[in-house]
Each structure stands twice: as structure tokens, then as C-alpha cells.
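Here are the chains, one letter per residue:
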Amino acid sequence: MLLISWNIDSLNAALTSDSARAQKTRHVLTQIAEKEPDILAIQETKLRATGPTKKHAEILQEMFPDYDYVWRSSEEPARKGYAGTMYLYKKSLKPEVSYPKIGAPDTMDFEGRIITLEFPEYFVTQVYTPNAGGELKRLSDRQGWDKKYIEYLQELDVQKPVLASGDYNVAHEEIDLKHPENNHHSAGFTDEERADFTELLAAGFTDSFRKIHGNIPEVYSWWAQRIRTAKANNSGWRIDYWLTSNRIADKIKKSEMMDTGERADHCPIVLEIEL
């Protein structure tokens, strides 16, 4: 199976805008379509509560004609047009789809952050993990989310093996970002968030990228848009992951980042696994 996960930073903009950035994003979508993944997970869709518009649907049909899709958007009491997730999967696949609420703090369960696909032999689930926010204002809620999310993955793992992907909004170790020395009090690299991710792995899951590549340095999945030189200088963070249940980690064949050229922000992450 070939699976790809990507925080697209607004599917809405990617499909409807003519900006230079949107054009770059569509180019990456075209590259993904050419790879013909079995499953594509997308985070931060920023679609309205009613989901894709007719125009969105037409463009997706044109780009991914052999795929069905499911989506989950932010809804009241959460902010409109915020977060959101989507799966595109080959029409030959017939998963059972669920949109779990995990008992997370604040409005996090209403922000469209998790979708799970169930197949006869395994689960595929994606997450867009809440950011701890400026001045770490949401760190406590983020920790509450992490606890509930770990419990949720464990519940799935008891039933059958799990493939979990998404923007986890944490660089786990110092090797996972360019400048760890300057970021120990930054959202995404606090001791608390890193400890939670360690706990997630300890609950029975494998970081597929490290499984395949070991401690290879300077490979990242996100580069800040607002810092113009970040991508050119490869000053990035690895905050997007494909995780698998430990008992199927030996089936991982490939785990890598897709090259997005000059486009900053997140890049798609690729998992190839024999299931």
C-alpha cells in the first residue's frame, strides 16, 4: 500500500485561488495524483462546516477521478473555516468511516481534527493536532488533547493494527528541528509536548521515518512561510509523522518526505507498507 499525508494549509485556497502559492500547492497535488496513492490524508482543509463546495468537488473529481473522499470540518462551537481533515481513497477500497470525539478540552472535538478509516485487517487514522499557540496559551489544553488521543489510538490498537498519520505539531527530539537550542520554550518543542509524544510511542507505536532512516539529520517536514530564507536554508522542523503499531513496523518499506521545491510550510509525507 502507498499512503500519503499532507497538511495542505487550506484546501479551499489550493483549489480556488490563483495566487502564486495556490499554484504551487496545486502542482504538489498533481504530483501526488501521479503517484496514485491508495489513500491520501489531508489536514488543515479550512473548509466550511458544510464541506466541499460544488466547485471543490468538480476540481477534486478532475484531479482524482478514481477516488472517493470523506471530510470533516470545524463546526460550532468551534471557529468556522478552521482546521479540518479529509481522506481521498481509491474507489476499490470500501472502508468504514468514523469521526471520533475523544473527550478533548475546550472546542477541540469540534474542530474536525480526526477521521478514521476501518478496513478488515487494520485501521488508518489521521490527526491534525492542536497547536499550543502563541505564548503557549493553549499548552494545557494541548496536553489534555494528547492524553485523550493516546487513549484513542490504544483503543484502536487493541482491535487491530493501526496506521496513524498527520500533523502532530511536535518535533520529538533535538534532531527533528534545525535550531533546538533556541526553541525549548516554543510551541511544538516544549518539554511537555515532547514528553507526550514519547508517551504515545511508548503506548505501542513506531515512528516509521526513524525506523527506516535511523538518526539521519536535517530532514524536515515543515518550514516557516513567514521566514523567507527558511526553506532555502533548510531551517525546518519534522512535525508530520506516519506511525504504525509496533507489531507491523517490520512491514514498512518506505517512509519519506516529498520534495515541494520552493514551496514552504508542510510537505507531504509518504508511507509504503506491505499489508
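Rules and cut-offs
Residues numbered from 1 in each chain as written. Predicted model: local features only at pLDDT ≥ 70, side-chain atom pairs only at ≥ 80, totals over all residues. Heavy atoms only, no water. Helix = DSSP H or I, 4+ residues; strand = E, 2+ residues; numbered from the N terminus. Rg over C-alpha atoms; globule rule 2.2 N^0.38 Å. Buried < 20%, exposed > 50% of the residue type's maximum accessible area, 1.4 Å probe, protein only. Axes fitted to C-alpha atoms, helices over the stretch in contact; angles between N-to-C directions. Parallel < 35°, antiparallel > 145°, perpendicular 65-115°, else oblique. Contact = heavy atoms within 4.5 Å. Nonpolar A, V, L, I, M, F, W, Y, C, P; charged D, E, K, R; others polar. UniProt positions renumbered as here; feature names shortened; annotations may be inferred. Polar contact = N/O pair within 3.5 Å; in protein donor to acceptor, adjacent residues only side chain to side chain. Salt bridge = Lys/Arg side-chain N within 4 Å of Asp/Glu carboxyl O. Pairing = 2+ DSSP bridges.

Looking now at the overall build of the protein chain. Scanning the protein chain for helices and strands turns up six helices and 14 strands. Relative to its length of 275 residues, the protein chain is compact, with a C-alpha radius of gyration of 17 Å against a globular reference of 19 Å. With respect to the three principal axes, the spread of C-alpha positions in the protein chain is 45 × 45 × 40 Å. Within the protein chain, the proportion of its 275 residues that are buried is 56%.

So, on to the packing of helix H4 (residues 139-159) against helix H5 (residues 191-202). Where H4 meets H5, the closest approach of the two axes is 10 Å, and the angle between their N-to-C directions is 5 degrees. Overall, the two elements H4 and H5 adopt an arrangement that is roughly parallel. Where H4 abuts H5, its residues Leu139, Arg142, Gln143, Asp146, Tyr149, Ile150 and Leu153 lie against Glu192, Glu193, Asp196, Glu199 and Leu200. Residue classes in the contact of H4 with H5 are distributed as five nonpolar, one polar and six charged.

Under the feature "site: Transition state stabilizer" (unreviewed entry), the UniProt entry names Asn169. Considering the arrangement of structural elements, one finds asparagine 169 in the loop between strand S8 (162-167) and H5. Looking at asparagine 169, the relative accessible area reads 9%, which means it is buried. A distance of 2.7 Å separates a polar side-chain atom of asparagine 169 from the backbone oxygen of threonine 129.

With that settled, consider the pattern of salt bridges. Scanning the model with the defined rule gives 20 salt bridges in all. Salt-bridge contacts for aspartate 157 lead to arginine 247; the nearest nitrogen and oxygen are separated by 2.7 Å. Taken as a pair, aspartate 157 in helix H4 and arginine 247 in the loop between strand S11 (240-245) and strand S12 (252-257) lie far apart in primary sequence, 90 residues in all. For lysine 254, the salt bridge is made with glutamate 272, and the minimal N-O distance between the two is 3.8 Å. Remark: glutamate 272 occurs in strand S14 (residues 269-273) and lysine 254 occurs in strand S12; sequence separation between them is 18 residues. Its relative accessible area of 32% is what places lysine 254 among the partly exposed residues.

On to the sheet that holds strand S1 (residues 2-7), then. Taken in spatial order, the six strands line up as S3-S4-S2-S1-S14-S12 in an open sheet, and their pairing is mixed. Where the open sheet ends on each side, the last strands, each with one partner, are strand S3 (67-72) and S12. Averaged over all neighbouring strand pairs, the angle between strand axes comes to 15 degrees, with direction disregarded. For S12 and S14, the ladder comprises five bridges, and the chain directions are antiparallel. The residue of S14 that forms the bridge with serine 255 is leucine 271. In the packing of helix H2 (residues 20-35) onto the sheet, contacts are made with S1 and strand S2 (39-43), and the angle to S1 comes to roughly 170 degrees.

What follows deals with the sheet that holds strand S6 (residues 114-118). If you walk across this open sheet you meet the six strands as S5-S6-S7-S8-S11-S9, and the pairing is mixed. Both edges of this open sheet fall to strand S5 (96-98) and strand S9 (205-207), since each of them pairs with a single strand only. With direction set aside, neighbouring strand axes in the sheet form an average angle of 20 degrees.

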